[in-house]
Amino acid sequence: MAAGDWLELSPDDGPILRALRRRQRELDRQRPTGLHISTLIDDFVACAYPQPEREALAEKHLRGVYEVGTIIEAVIADELRQRAGWVKPAPRKFHGVWYSPDGWAARTRTIDEMKSTRITSRHGLRNVKLVKYQIQIDLYSYVWEAWRQRLHVLFLNGNWTPPFPEPRHYIRRPGRAALRGRYEQVLDHASDRGLLKGRG
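Residues numbered from 1 in each chain as written. Predicted model: local features only at pLDDT ≥ 70, side-chain atom pairs only at ≥ 80, totals over all residues. Heavy atoms only, no water.

**Student:** Help me get a handle on the nonpolar core, residues and values and all.
**Tutor:** One broad rule of soluble globular proteins: the nonpolar side chains tend to lie buried together. By size, the foremost hydrophobic cluster in this structure holds 30 residues, and its most contacted members are I37, L40, Y99, I135, L139 and L187. When residues of this core are traced back to their parent elements, those giving at least two are α2 (37-48), β3 (97-99), α4 (131-144), β6 (148-155) and α5 (176-192). Formed by eight residues, the second largest nonpolar core is a distinct cluster that contains A77, L80, W86 and A105. (Core = buried A, V, L, I, M, F, W, Y, C linked by side-chain atoms within 4.5 Å. Buried < 20%, exposed > 50% of the residue type's maximum accessible area, 1.4 Å probe, protein only. Helix = DSSP H or I, 4+ residues; strand = E, 2+ residues; numbered from the N terminus.)

**Student:** Explain helix α1 (residues 15-30) to me, and be specific about the residues and the numbers.
**Tutor:** In a regular helix each residue adds 1.5 Å, so 16 residues correspond to 22 Å; α1 covers 23 Å between its end C-alpha atoms and thus fits that length. Taken together, the buried positions of α1 are L17, L20 and Q24. Across the axial projection of α1, the buried residues extend over an arc of 60°, all falling on one side. Facing away from the buried side of α1 by over 90 degrees, the exposed positions are P15, R29 and Q30. (Expected span 1.5 Å × (residues − 1). Arc of directions from axis to C-beta.)

**Student:** Which residues make up the sheet that holds strand β4 (residues 103-105), and what are the values?
**Tutor:** As summarised here, the arrangement of the five strands in space is β1-β4-β5-β6-β7, forming an open sheet in which the pairing is mixed. The sheet is open, and its two edges are formed by β1 (86-87) and β7 (166-172), each paired on a single side. Strand direction decides the pairing type here: β6 and β7, joined by seven bridges, are antiparallel. When the sheet's bridge partners are listed, L151 is paired in β7 with Y170. Strands in contact with α4 are β4, β5 (110-117), β6 and β7; relative to β5, the strand with the most contacts, it is inclined by about 160°. (Pairing = 2+ DSSP bridges. Contact = heavy atoms within 4.5 Å. Axes fitted to C-alpha atoms, helices over the stretch in contact; angles between N-to-C directions.)

**Student:** Quick rundown of a positive patch on the surface? Include the residues and the values.
**Tutor:** A surface patch of like charges, here positive, comprises R18, R22, R25 and R29. Mapped onto the elements of the fold, R22 is located in helix α1. Taking relative accessible area as the criterion, R22 reaches 43% and is therefore assigned partly exposed. (Patch = residues over 30% accessible without salt bridge, like charges linked within 9 Å, V, L, I, M, F, W, Y side chains within 5 Å. Areas by Shrake-Rupley, 256 points an atom, 1.4 Å probe, with all protein chains shown as cover. Salt bridge = Lys/Arg side-chain N within 4 Å of Asp/Glu carboxyl O. Lys, Arg positive; Asp, Glu negative; His and termini not counted. Charge placed at Lys NZ, Arg CZ, Asp CG, Glu CD.)

Here it is in C-alpha cells:
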C-alpha cells in the first residue's frame, strides 16, 4: 500500500459495532425478564400477514437499524417531555405478559409510540408491513386504558426518492370495543400457539 492511501479495515471488530453491541446489552439488562407482548405480536403478524422470505440482515446492519430507532425514540421523548404530565412509563405486567409503551400522558390518556423503518412511506400506515406498529399501540392502549394514540414514524428512506428521511405523525381515538377485540385476537392466537402456558 502506498504512503497516504486509505486501508479499509473489517467493521466486525471495529469501535462502531462494539458500541452498538454494548448499547444492546445495556438495553437488554433494563428489559424485564419474562414474556413480552412484542413476542406475541411478532408471531401473530408472521401467521396472519405472511411475507416473502428475505435474506436476514447481517448483525452490523441489524444493530445499526436498532440503534437508529433507539436514538429517534430518545430525541422525540425529549421533545414530548416538555408537555405537562408526559412520561416514559415503567413496564407493566398484565396477565403474565410485559407491556412497555414509549410514552404516556395521563391527563389526556394518550399513548405514544416512536418507530423508524426502512420501508417506503408511499402508502403510509396502509402498508401491511407496518401493521405490527398498529397492533402494538392498540394493545398498549388497551392495557393502559388509553383513549388517544399518537404514532410517530421516521421513514428512513422516504418514498425511495429524495428528500429523505421523512417524518410522519399519526393520531387517532380508537373505540374501547375495538381495542378489546384486538387484544383478544392476539392473545387467543398466542394461547392457540401454546405461547401462554403457565401464565394467568
